[in-house]
Every structure is written in C-alpha cells, then in structure tokens.
Amino acid sequence: MNSIRQVPSRVKSKRSETNLGAEREHFDKQQLSSISKAINATETPVKEKHARRIILGTHREKGAYTFWSYAIGLPLSSSAILSWKFCNVLHKVLRDGHPNSLQDCMRYYSNVAETGILWGNLRDRYGYGQLVALYTKLLCSKLEFHTKHPDIPPNLEVTDEVLERTAGTDINNVFQLTVEVFDYMDVELRLAESVLRQLNTSIAISTLTASQCKLAPLIQVIQDCSHLYHYSVKLLFKLHACLPADTLQGHRERFHDQFHSLKTFFNKARDMQYFKRLIQIPRLPDSPPNFLRASALAEHVKPMVVIPDDEEPEEQEEDEPEPLIDVSEAPPASMASQPQVDIFDQAFGPPNNGFDDRDLQIENLKKEIELLRAELEKIKAEAQRYITQLKSQINSLEAELEEQRVQKQRALVENEQLRMELEATRSRNAEHESIQFTFVEAEKRAQATELRYNKLKEKHAELVANHAELLRKSADTVKMLSATQQTQEEVARTKQQLAFEVERVKQESDMKVEEQKFEMDKLKRVLEEKIGEIQRIKDTLQTCEKAGEQMNTSMTSLQAEKERLMRCVSEKEAELSALRQAAQLKESSLVQERDRSSKELGELQGKLKEKLSREELLQKKLLEEQFALLQGTVAEAEIIIQDAVAKLDDPLHIRCTSSPDYLVSRAEATLGSIDKVQQGHAHYLKNMGDSGALLRALAQFSHLTADTIINGSATAHMAPTDHADRLTENCRGCASQSLRFLEELKSKASLKGADPASIRVMVQKILRIAQDLRPKGMDVGKDELGDMVDKEMAATSAAIEEAVRRIDEMMNQARRDTEGVKLEVNERILNSCTDLMKAIRLLVLSSTDLQKEIVESGRGAATVKEFYARNSRWTEGLISAAKAVGWGATQMVDSADKVVLHMGKYEELIVCSHEIAASTAQLVAASKVKADRGSKKLSSLQQASRHVNEMAANVVASTKTGQEQIEDKDTMDFSGLSLIKLKKEEMESQVKVLELETMLENERLRLGELRKKHYEIAGTPLEQLSKDNGLSAPSPTAPSSPKSSKPALMKKPALAQKPNIPPKNMFR
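Quick notes on the rules
- Residues numbered from 1 in each chain as written.
- Predicted model: local features only at pLDDT ≥ 70, side-chain atom pairs only at ≥ 80, totals over all residues.
- Heavy atoms only, no water.
- Helix = DSSP H or I, 4+ residues; strand = E, 2+ residues; numbered from the N terminus.
- Buried < 20%, exposed > 50% of the residue type's maximum accessible area, 1.4 Å probe, protein only.
- Contact = heavy atoms within 4.5 Å.
- Areas by Shrake-Rupley, 256 points an atom, 1.4 Å probe, with all protein chains shown as cover.
- Axes fitted to C-alpha atoms, helices over the stretch in contact; angles between N-to-C directions.
- Salt bridge = Lys/Arg side-chain N within 4 Å of Asp/Glu carboxyl O.
- Patch = residues over 30% accessible without salt bridge, like charges linked within 9 Å, V, L, I, M, F, W, Y side chains within 5 Å.
- Parallel < 35°, antiparallel > 145°, perpendicular 65-115°, else oblique.
- Left-handed = near helix turned anticlockwise from the far one by under 90°.
- Nonpolar A, V, L, I, M, F, W, Y, C, P; charged D, E, K, R; others polar.
- Phe/Tyr/Trp six-rings, centres within 6.5 Å; stacked < 30°, edge-to-face > 60°.
- Core = buried A, V, L, I, M, F, W, Y, C linked by side-chain atoms within 4.5 Å.
- pLDDT = per-residue confidence, 0-100.

Caption draft 1: Summary view of the overall build of the protein. The number of helices and strands found in the protein is 33 helices and zero strands. Expressed as a percentage of its 1068 residues, the buried residues of the protein come to 37%. The contacts of the protein with a sequence gap of at least 6 include a subset with a gap of at least 24, amounting to 81%. Carbon and sulfur atoms make up 54% of the accessible area of the protein, which amounts to about 62,700 Å² in all.

Caption draft 2: Layout of the packing of helix α8 (residues 160-167) against helix α9 (residues 171-198). Running from amino to carboxyl end, α8 crosses α9 at an angle of 115°, the nearest separation of the two axes being 8 Å. Together, L163, T166 and A167 of α8 and N173, V174 and L177 of α9 make up the contact between the two elements.

Caption draft 3: Geometry of the pattern of salt bridges. For the structure on display, the rule yields 29 salt bridges. Notably, a salt bridge pairs E1003 with R1006, separated by 3.5 Å at the nearest N-O pair. Taken together, the positions of E1003 and R1006, both in helix α32 (residues 979-1018) and three residues apart, correspond to about one turn of that helix. Connected through shared salt-bridge partners, R24, D28 and E61 make up one network.

Caption draft 4: Expanded view of a nonpolar patch on the surface. Taken together, the side chains of Y386, L390 and I394 present a nonpolar region at the surface, about 310 Å² in accessible area. Topologically, L390 is positioned in helix α17 (residues 357-479).

Caption draft 5: Expanded view of the packing of α8 against helix α12 (residues 218-242). Direction vectors running N to C along α8 and α12 enclose 55°, while the axes themselves pass 11 Å from each other. Looking at the two axes, α8 sits oblique to α12. Classified by chirality, the crossing of α12 by α8 is right-handed. Each of D160, L163, E164 and A167 in α8 lies in contact with α12, whose residues at this interface are H230, Y231, K234, L235 and K238. The residue inventory of the contact of α8 with α12, partitioned by class, reads four nonpolar, one polar and four charged.

Caption draft 6: Representation of the packing of aromatic side chains. Using the criterion set out here, one finds 14 aromatic pairs in the structure. With 6.1 Å between their ring centres and 35° between their planes, Y229 and F259 make a pair best called tilted. You can see Y229 sitting in helix α12 and its partner F259 sitting in helix α13 (residues 249-270), a full 30 residues away along the chain. For Y229, a relative accessible area of 3% puts it in the buried group.

Caption draft 7: Structural detail: the side chain of H227. Along the chain, H227 turns up in helix α12. Apart from residues lying up to four places away in sequence, H227 is in contact with N155, L156, E157 and K302.

Caption draft 8: Spotlight on the nonpolar core. Core analysis: the biggest nonpolar cluster contains 87 residues, and F67, F86, F265 and F275 have the highest contact counts within it. Ignoring anything within four residues of it in the chain, the contact list for F67 reads I35, I39, I54, E61, F86, V89 and L90. I800, M837, A917 and V924 belong to the second-largest nonpolar core, a separate cluster that totals 52 residues.

Caption draft 9: Here's a closer look at unusual backbone geometry. For K62, which is not glycine, the phi dihedral falls at a positive 55°. Within the secondary structure layout, K62 lies in the loop between α2 (48-61) and α3 (65-71). In this model, L156 sits at a positive phi of 65°, which is unusual for a non-glycine residue.

Caption draft 10: Structural view of the confidence of the model for the protein. Across the protein, pLDDT averages 77, with 80% of residues at or above 70. Low pLDDT, under 50, characterises residues 1-15; the predicted model gives this stretch 23 contacts beyond four residues in sequence or across chains.

Dropping the structure here:
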C-alpha cells in the first residue's frame, strides 16, 4: 500500500485532485472483474463474493448503470450457460441491489425478453436453452409486477400493512392483485419444476458443479415463493370476507394446485445436500388453508426462509488491481515500522531538516481515525443489537396484531350471529303484537255486540211498556163509551204512534243486529203478531161502534192475548240468554282452538323448514361429492394422457413399434369410448347426483386414448416420413383436444358446453392414416387377384376412352373459343395427345391378348384364379403397371385441359408424356416376364410400345413448338444504358443465373430423393420378381427421355406390392 508520508505540498495537492478519478477507475475495474468472473460460460455456480461485489456496486452508485454498461456487451446468444448465469446475477441484483436498480433494469426489458425468445427456439445439449427461456419469463414478470406495484420491493419483504395498502379497499383491485400474484407464482414454480426435472435429486448428483450451476438460482426462487405464498393466503382470506364462495371457486382451485406444487418443490429441495448449507427451507402445512372458515386465518403461519451467514474467507484475486491511494485503513504496524523510501524523495530530495509539522498532524489524524473507527464499530455492534431487539419486538407485536385480527374476525362473526338472532326476535315480537292486536279487536267487537244486545233489550222493554199503556187506554175506552169519537181518534193516533214506533224499532233492529239474524227473525214474527193484535183491537173498536155489547168479549180476548204475549216474551228472553251463553262458550272454544292450531302450525312449519334445509344440505353434499369424484377421475385421466404425450418425446420410446392393424383396433375402440363419454355426459347433465356412467366412460376413454396415442407414435416410428409426421401431429392434437375437454369438465361453468367432437375428429384422422399404412397386399385376397387383373385392365381401357372423349370435347371448345396461332397450337397439341391415347389403347389391347396367352399356356389344369394366386407377385406387378398407365392418361388429359385454358404449364404436359412412356415400359416389362420369346403377340406388344414412345415424343415436340410460338420474347435493347448501368445489369443477371443454377441443383436433388422414396414404397424390383418366378427379366424398353422414369412434382398412385416394413401385431 502506497504511503502519503513525506510528500511535498504541491505533489499532495495534485494527488487530492486525482483521488476521485482513481477511485472511480478502481471501482470500474473491480466491477468489470466481478462481472466477468460471475458471468462466464463455465458450468459452475456463480460465486457469492462476485455477486456480492456487484450488488455493493449498485448501492455505491445508487443504481445499476455500471452493471448494465458491461452486461449489455456480453455475448448472450453464443452460450446458453452464459445466459443462464447472467439471469442468475440479474435476479440477485433485483432482489438485493439498490432500489433504483429496478428502473435501470426496466430500460433493458426488451433485451432480456429477446434473449429468452432466442434460446426458447434453440436446443443445446446441456438443456440450458429451455431453462433460459423460462428464467427470462420470470425476470420479465418480476419487472412488470414491481413496476406496476412500486410499494412492493423486488425482494418481496413487506409488512402486512403495506400489502393491505397496496390492495386497497376496492374489491376489484384486490381481485386483480390476487391474479397477478398467482401469475407471479406460476412462473417461479415452472422454472423450479423444469430444473428439477432435468436433474436427479440424489445427493451425489446435487454435489456436482454442473448440477449446482442449475440449482443455484433456485435459492432466489425459494425466497420469492415463500413471500408469494403468504401474500396469496392473505389476499384470498380478504376476498372471501367480501365475495361469495362460489365466485372464488376458480381462485381456490388455482391456489390448491400451486400449494401442492410448492410443497413438492420445497420437499425435494430440502432433501438435496446442496441446499442444506446454503438455505433453511420452511415446511408448509399438510393441507392448504380453509378459506371458507374465517377463523382459519389464525392458524396460518408465515413461512420464513433463513439464509445462514457465510463466513468463508475471500481469496485475494491475483488480477485485481490495488487502489492507487487508500486512506480508508491505517497501515499495519509491521509496515509502519519498516523504513520506506518514497519515489518523490528520490526525485525532489528530502524535506528541510527531515521533519515536517504536517507529518505529525497526519499521524495524529490517523490515530483519531483509528479511535473513531473503533468507536464506530462499537456503535455498529450496539446498533445491531438494538436492531435485533427491535426485530424481536416487531415479531412479537406482529404476533399480537395477528391475534387481535383473529379476535376481531371472531367478534365480527359473533356480531353477525347476534344480529341475525336480534332480527329473528324482532320478527317474533312483530308476530306477537299482530296477534295481540287481533285479540284486542275481537274484544272490541264482542263489547260492541254486547252494547247492541243491551240496546235491543231496552227497546224490547220499552215496547212492553207501550203495550201496557195501550191496554190501559183500551180500558179507558170501555169506560168512556159516551166519548166514542174521541176514543176512536185516540185509538187512531195510538195506532199511528205504535206503527211508527214498530217501524223505528224494526229499522234499528235491522241495522244493529245483522249478526243475529236468526233472533231478529223471531222478533219480527213477534212484532207481526203484535201488529196483527193491534189490527184486531182496531176491528174491535170499530165493532164497538156498532155493538157495545161485544166489548166485554173483546176485552176478555185481549186479556188472554196479553197473557200469551207475556209468556212468549219470557220464553224469548230465556232463549236469548241461552244463545248468548252458547255464543260465549263457542267463542272461547274457537279462541282456544285457534291458539292451539297456530302453535301446532308454527311447530310444523319449523319442522318442515328444518327438514327442507337438511334435505338441501344432503342434496348439495351429494352433488359436491359427485363433482369431487368427477374431478378426481378427470385429474387421473389428465395424468394418463399427459404420460402418453410425454412418451412421444421420450428417447427410449423410439425403439417401440406397433402395427397399423393394432392401431386401427385401438382407434376404433377409442371412438366407441367417445360415444360412451357423450352418453355419460348427457346423463350427468340431466341428473347431477349420478356420475357413475360418466366416471366409467372417462376411465375407459383415458386409457384407450392414451393407448391410441402411444401406439400411434410407435406406428409412426416405422412409417414413411410424410405419414409419420402427420400421424405424430394428429396424436399430439388428439392429446391436446382431450386435455382441453377434460379441462372443461373441471369447471361447473364450462361443464355443460364440454363436447368431445374435436377428439372424435382427431381419432378419425389417426384411423384413416392407420388404414392407409396397412400393407396393400392385405387388402386384396389371393383368390381375388384374377378378378383384380381384369378389373384394372378394363378400368385402364375405360380411362383411355374417357381421355379420348375429353380431348375431342377440348378440341371442339378450342375451335369455338380461340383462333389464329393459339388455335393452331391447341389443335396440334390435342391431335398429338389423341394419337398418343390411341397408341396406348392398342398397347393395352395387345397386353390383354398376351396376358390371356400367358394364362392359357401356363395354368395347365388349374383355373385362371388359381394361376393368378400361384403367381401373385407377378399379378400384383401387372396390376400396378395397369394402374400407372391409367393414371398417366388421366393426368395427361388434365394437363392438356389446363394448357388449352391457359391455366397450366407446358412443362406439365411434357412430364406427363415422359411418365406415360415409362408406365407403358413397365407394363411391357411385366408382360414379358411370363411370355414366350417367340410369341407373335409379344412382338405386337413391343411394336405397340415403340409406337407409344413415338407418339409421346410427338406430344413433347408439339408442346415445345407451341410453347415457342405462344411465348413472346422481348427484344433486348441496351442502347439507352450507360457503362455503369450495363455493368450493374450484368452483375444482376449473373446473380440471377447463379440463383437459378442453385435452385436447379436443389430441385434435382429433391427429384432424386423422391424417386428413391418411390422405389422404396413401390416394393421389390422386376429383376427380383423374375428370379422369384424362375425367369430372366429382359431389359425394359428405355423411355424416350432420360428424365421420363418418374414425374418430379406429381403424386403416384399407390402400388399393389406389399411394403417392405414387416407388420407388428403387438406393441413393444
């Protein structure tokens, strides 16, 4: 360490000016050294000391400018390991670096995302590419989350109060924050699962440096996941306190999945030797919290991750430069005691008298610095102790706060129960008041009835008094015979008064005693009798005028009538009293009966409500149990299908093969199981309490679908490339559609809309490909080969006749639509095609005649079918040749039609001519294998073959001539171009020539590969066929063109030979 002792003042001032620059340069060198050693392509974990220096650098400069200035130049696209370690260091910087590092890293968000996209599309042998893609997704999600929520730092260490403040009081914001936390947790767990999937979790593997390189970032993932798990629990309890449980069913299911994944990850990491000395991983509870019970929040314990202090000594790096000036520490005693010779003493000489006051001041200052440093260390230790005590107090206060919250939650629940009981009590009081009011009204009505009865009784007494008065007046009338006229007038007035009084009493009785109609009717009859009696008295008074002697008789009758009326009144009074007592007894019995009935009705209603609630609970429990069984079955089905999909990419599965026949049987069985799934699904939707049929159908469907996928992949291993690719793609599509259908069955919202129709389509595609891959020889029995030959030859003849007819139609159409040079070219081409078709027809007839001669000469005593069956391979070759000729004729007509309509290319017509020549040569070769060399029909067949070749050559010649006549060639006029433009055009023309030559070479290579694949699919060559039949095969007639054997871009029909791949009857 350089000394500043005995330095002249002018030199020391210069050093103080350059001190900051030297420190900055030293800081940059140290950061560059740490970044280069932490982020490299060596498959070893990032050393903690290098990462610590980078993090301290962010705190020193209050940002990550220096880190990104060096990191942006790293060749991340050249090495996946380098990118992996870069992501690890960036994760550490975000977690432990300065808070401003988040904004600095956000500026390079696109660079991080592009790195992940790059390695997501590449594959490396160590498996780091996919891990880098997942890690970058995690970092991008982390940047987005903490940028959106600045109150939550990237290390996720916040109190519950900050989390509450971030969530806010709006339930929509809480809901959105919960979804974002779930997404955050998903990317963390996906990275951890991918790393653990690539490694063996044994202790020996976790101690290797290559494995530790992949395991090192999981320490930060464990720290993040512990906090995110705590946040998820808090937010879900808050949501359940504000929203109904059915609305949050999806949240609970997603949390349960994350809980089980996180618990599995923690358990695996806890068993690894690598993590035991670096981190203390918390243990999660055996089951997730029950969010439907508010008191379960008190049982939740926040998982705490502990990073033990690592006191490993840091080695002095050899290439780390020492600072130019270091005044932060005093020189050691050993160095201070040694004499030091300064270079400035050599340059300027020693100072005056060898002593300077400033040296003494420097020594004093250094001693003071040492004292202050010791005091600072004591203060730091004391502060650390205070911090520890405060942290313990904070933890205890948090525990008390949590307990207070639990008590508050319990108080809220009890308050809600008391409120419900109060409402029930109020409702019962209201019913009691209504009943009491009804009773008071009934008492009032009874009192009113009693008052009306008393009034009626008073009226009756008054009527009796009036009647007695009337009797007295009648006695006075008898005594006063002399004043007859006065008596009559008085009687008339009395009658009027009595009539008026009776009418008034009648009206009052009608109005006031409506409820006692029966008694009023009797009173009316009494009144009518009284009125009749008054009438009789009137008659008696009238007769008194005529005969006074009859007065005594009338008085006697009136007295008798009076007695009778008195008896009637007494009887009526007795009846009225009896009726009143009966009415009172009846009313009291009715009140008692009504009270008893109301009590019984209340009890019955309570029992009925209790029974209905119990039935609803049992029905709901049954539906939940059935749905839970369905979810378990769906989960098992997903596991089975996912396991089958995983085998598609398993390297060990490549050696497994299967036959197309077995795949066809599995696919057909799968289609049947899909029908059962549809029936079970419809039955379950009608009756949600019975899921047995759907469960059985799903179990069978999952096993058969997985079997179809596995056997489809095994069949693809021995199928041609095109069929194998399509078969593998359809197997993956079947798996994805099945998983999507099962995912729809998981949710009650999408359960009704779940439809396995897309699965049926994918399985049907697999079935069609398997049927195409069946060996063609198995499609036709040996007994049917004879009929097959005749049918193919007849079909070939029919195809040729159809081609001739279509050419004639095209000729007539061309004559109507075209004229001039085009008409001449079309007629020449169509005439040459017609001649070629006629020559092919003669060739087919000659081949048929020769075939019959071969059969007749070679079959002996056997039948024709037996001859064909005995020579099956020769027969199949003949059928194949006939098919090729018919196909070539059809393609020729289609190409000619397109050329005439100016929709096709002349080259297609030329290629079709070459193909027909090659097909006829194949037919001749197949016929010559069994023919006698001296046969005349063989000679005629060869002559017809040569004629076909000549006609094909004519078609090619007429086509090329017509093409030259139709196509206009622009005159090349370069007179207006300068020397520079001519040179530029020449270079562009050379470039185009080279491109066309490259395209021509590539197309020729493709043509060669197509022909090779065609020969492989076609089966055994004719030379082998002739050896199998005991004959030597003559060389076939060569086509007229060297490229006429096979067309370049057209699809050949399937040949009748069996494929070379041996069928497998069972899956290995």
